[in-house]
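# Breakdown of the fold
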Amino acid sequence: MAILKFLLSYLSVHPSPLRNPSTSLHLSQQAPAFLSSSESTKDTQETWLIYEQLLLSCLRTGDDNSARLCLQRLSDRFGVDSARVKALTGLYDEATSNSRGELESVLQRYQDILKEDPTNMPIEKRRISLLLSLGRTEDAIKALTSLLSHSPNDAESWAHLSSLYFTQGLYQQSIFCLEEVLLILPNAYNIFARIGEVTYISSSTGAGSTDRTEAFEEAIKYFARSVELSEWYLRGWYGLKLVTGKLIQAKPSDGTLGKTESLNQLATEKLVQIVSKFRRNEKGWMGFDEAEVLAAKDLIDRDEQRFSQ
Amino acid sequence: MATVQAQTILRDPQLFYWILFPITVVMILTGVLRHYVTVLMQSDPKKQELNAISEQRNLLRGVNLRTNHNQIPLSSFIARKNYLVAAYNRGDFLKDPENKGKPPANPMTDPAGMDQMMNMLKGNMAMMVPQTLIMGWINAFFSGFVIMKLPFPLTLRFKSMLQSGVATRDLDVRWVSSLSWYFLNLFGLRSIFTFILGNENSADQMAQQMQQMNPAGGNAMFAPGQDPNKMFLAEAENLEVVGGQHEWVLDGVVDRLLKSRV
């Protein structure tokens, strides 16, 4: 019972362990112990979810043997023809392939599966990711658009499309996709912050100075909404401080800057609080991502330097 | 009669062991059995074709736009609204564009509809057969005497139902036969079933009744007998109506933020 409980509690504390290399490593180190224990044969929903997570994290850290075993057990339980198992098998093959030719054959396999059964969404998504790893970004965008034409409620795909457009520099389309995500998940504060970031970044390629200040103000509004929804959202406060700082710099002698300055001050206070409590390892404040806290500290120090000059 | 005197009847304490207990145990066991039989009898959800899925999800997209339109700026909302309204009116997402004007599919002939009706029928059967059997069993074995006294008073009309085997005129309605113990159990064992079988168990007839009464929330678009074209047109109208009031959530957000935090 012990290891199953431990893994479940670990996953509840770190709900997306693959975003962070250290959590992926922790998880994959537990894999051999879990696989050889007796609890891994329990047939509950949680067990299989753990299998999936272990499979993904083992592939990430290179533990191919444990990954193979996880995949084997999943396909024994759910059958090789299940849509999800097919997608995970494809993922395993992609990760363990050694040459471009092997990847192309996996891609061909996906196309064949989709020809037989066009509703297999996990395989469609795998195909899109494979196209991206092969470097065929435009094909990936086309495939994503066709996926979204029959399933416009898939927030994950809209967010993915938005990041693809962003890498191509198509900021307006990227914001369009993020707005679609908002229509599906209206309280997604991270999406508000992301739109703020994209607006701010797109302004740096914009034309005249009025465009830039307008873009700054819009970005500020998005960041403000994100922290309105989530009081201690580090990214939101960081964006707010950064863009308000830039706006103040851009319009130095304007009388209408009162609100912007108070926002800047508020953002600085919050960031200082987060950084100091995180660094003192206070209980309840350790949930932040360390890299983000360091970036926040950097921003605070830079602004202090500027003011003291 | 001037005052109703409290009527007391002396009861054999063995009543508990031989009647109340067995009826309850039998009902719990049949409930558990019914749950597992229902689970086993349910057929897998039928796979739908791509254009059917596309039809349902694009309708949902219109609903999402209507519900969350305040999250995006007015210009974005108007652009999307115009596109969707035009598409709905043209019938772009329809599964069978030729059937646009025709009446909705009859559940008898449409295979997808048949499946759903069979499922409902099976569920109802699983409910009714055990109920009838147990009632017959109780009437056969446990009739002809009163078993307990209800703690609350009832009107005379219940006498015939609750004192089925005992035909006396003066006996207080509070004295009831074992059939009423069956009815009490029927409604009361729900929490025990939740405890044993987890939350969504099929032994729960209350949930089934509520589902039947609930005026087609999510089931409307997926049940047969609904004309998708009409639903698209209705959704297009709804979108037009909503377009009048748009309050972008980002208007005044800075003021709200400063007011709440400083």
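Residues numbered from 1 in each chain as written. Chains lettered and ligands numbered in written order. Predicted model: local features only at pLDDT ≥ 70, side-chain atom pairs only at ≥ 80, totals over all residues. Heavy atoms only, no water.

### Some details on the overall build of chain A
Note the following rule: Here a strand is any run of E in DSSP of at least two residues, a helix any run of H or I of at least four, and the numbering for each starts at the N terminus. Residue contacts are counted whenever heavy atoms from the two residues lie within 4.5 Å of one another. Only the protein chains shown count as cover for residues, with accessible areas throughout obtained via the Shrake-Rupley method and a probe of 1.4 Å.
From N to C terminus, chain A includes 15 helices and zero strands. Along the first, second and third principal axes, the C-alpha set of chain A runs to 70 × 45 × 35 Å. A separation of at least 24 residues holds for 53% of the contacts in chain A among residues at least 6 apart in sequence. Total accessible area on chain A stands at roughly 15500 Å², and carbon and sulfur atoms take up 51% of it.

### With respect to a nonpolar patch on the surface
Residue and element names in this part refer to chain B. Going by this rule: Note on patches: the residues involved have over 30% relative accessible area and no salt bridge, like charges join within 9 Å, and the nonpolar side chains Val, Leu, Ile, Met, Phe, Trp and Tyr join within 5 Å. A pairing counts as a salt bridge when a side-chain nitrogen of Lys or Arg comes within 4 Å of a carboxyl oxygen of Asp or Glu. Only protein chains enter the accessibility calculation, which uses a 1.4 Å probe. A residue is then buried if its area is under 20% of the maximum for its type, exposed if over 50%, and partly exposed in between.
Where nonpolar side chains cluster on the molecular surface, the patch consists of Met-125, Met-128, Val-129 and Leu-133 and spans about 400 Å² of accessible area. Within the secondary structure, Val-129 is located in helix 4 (residues 111-141). By relative accessible area, which is 43% here, Val-129 ends up partly exposed.

### Brief notes about the interface of chain A and chain B
As a reminder of what qualifies: The buried area of a pairing is the accessible area, by a 1.4 Å probe, that goes missing from both parts when the two are put together, added over both. Polar contacts here mean pairs of N or O atoms no more than 3.5 Å apart (in protein, one a potential hydrogen donor and the other a potential acceptor; neighbouring residues in sequence count only if both atoms are side-chain atoms). Under the grouping applied here, Gly and all other residues not named as nonpolar or charged are polar, the nonpolar ones being Ala, Val, Leu, Ile, Met, Phe, Trp, Tyr, Cys and Pro and the charged ones Asp, Glu, Lys and Arg.
The interface of chain A with chain B comprises 33 residues on the first partner and 29 residues on the second. A buried area of about 2800 Å², summed over both sides, lies between chain A and chain B, and 62% of it is on carbon and sulfur atoms. One can count five salt bridges joining chain A with chain B. We note a salt bridge from Glu180(A) to Arg80(B), for which the minimum N-O separation is 2.6 Å. There are ten residue pairs in polar contact (both at pLDDT 80 or more) connecting chain A and chain B. For the side of chain A that touches chain B, the secondary structure elements donating two or more residues are helix 8 (137-150), helix 10 (171-184), helix 12 (209-229), helix 13 (234-250) and helix 14 (258-279) of chain A. Considering each element in turn, the side of chain A that touches chain B owes the most residues, seven residues, to helix 12 of chain A. Across the side of chain A that touches chain B, the residue classes tally to 18 nonpolar, six polar and nine charged.

### A few points about the UniProt feature "repeat: TPR" (unreviewed entry) in chain A
Spelled out, the test is: UniProt positions are given in the numbering used here, feature names are shortened, and annotations may be inferred rather than shown by experiment.
Mapped onto this numbering, the UniProt entry gives "repeat: TPR" (unreviewed entry) at residues 155-188 of chain A. With 79% helix and 0% strand, residues 155-188 of chain A has its two end C-alpha atoms placed 11 Å apart.

### Some words on the packing of helix 14 of chain A against helix 10 (residues 253-261) of chain B
For the record, the criterion: Every axis in this analysis is a line fitted to C-alpha atoms, fitted for helices over the stretch in contact. Angles between the N-to-C directions lie between 0 and 180 degrees. Should an angle fall under 35 degrees it is taken as roughly parallel, and over 145 as roughly antiparallel, whereas 65 to 115 is taken as roughly perpendicular and any remaining angle as oblique. Should the near helix be turned counterclockwise from the far one by less than a right angle, the crossing is left-handed, whereas a clockwise turn marks it as right-handed.
Here helix 14 of chain A crosses helix 10 of chain B at 50°, and the two axes come no closer than 11 Å. Regarding the angle of helix 14 of chain A to helix 10 of chain B, the classification is oblique. With respect to the hand of their crossing, helix 14 of chain A and helix 10 of chain B are arranged in left-handed fashion. Of helix 10 of chain B, the residues touching helix 14 of chain A (which contributes Lys259(A), Ser262(A), Leu263(A), Leu266(A) and Lys270(A)) are Val254(B), Asp255(B), Leu257(B), Leu258(B) and Arg261(B). The residue makeup of the contact of helix 14 of chain A with helix 10 of chain B, split by class, is five nonpolar, one polar and four charged.

### A short note on the confidence of the model for chain B
Interpretation of this model should avoid reading the predicted coordinates in detail wherever pLDDT is low. All names here are of chain B. Here is the rule: Per residue, pLDDT measures the predictor's confidence, with a range of 0 to 100.
Mean pLDDT for chain B: 76, with 76% of residues reaching 70 or above. When mean pLDDT is taken per element in chain B, helix 3 (residues 74-90) scores highest with 89 and helix 8 (residues 205-213) scores lowest with 55. Between residues 214-221, whose pLDDT stays under 50, and residues either more than four places distant or in other chains, the model counts five contacts.

### Observations concerning the nonpolar core
Residues and elements named next belong to chain A. Applied cut-off: Throughout, nonpolar core names a set of buried Ala, Val, Leu, Ile, Met, Phe, Trp, Tyr and Cys residues whose side chains join them through atoms within 4.5 Å. What counts as a domain boundary in this text is fixed by an automatic or database domain assignment.
Judged by nonpolar contacts, the single largest core of 39 residues is most densely connected at Leu-130, Leu-161, Ile-191 and Ile-195. The set of elements that each furnish at least two residues to this core consists of helix 6 (100-116), helix 7 (121-133), helix 8, helix 9 (155-167), helix 10 and helix 11 (189-203). Of the domains in this structure, domain 1 (1-96 + 107-114) and domain 2 (187-309) are the two that each give at least three residues to this core. Filtering out sequence-adjacent residues up to four positions away, Leu-161 remains in contact with Ile-141, Leu-144, Leu-148 and Cys-177. Counting residues in hydrophobic clusters, the runner-up holds 31 residues, among them Ala-219, Phe-288, Ala-296 and Ile-300.

### Overview of the domain arrangement of chain A
Partitioning chain A into domains gives domain 1 (1-96 + 107-114) and domain 2 (187-309). Computed from C-alpha atoms alone, the centre-to-centre distance between domain 1 of chain A and domain 2 of chain A is 38 Å.

### With respect to the UniProt feature "transmembrane region" (unreviewed entry) in chain B
UniProt's feature table lists "transmembrane region" (unreviewed entry) at residues 15-37, 126-148 and 179-198 of chain B, given in the numbering used throughout. With 70% helix and 13% strand, residues 126-148 of chain B has its two end C-alpha atoms placed 30 Å apart.

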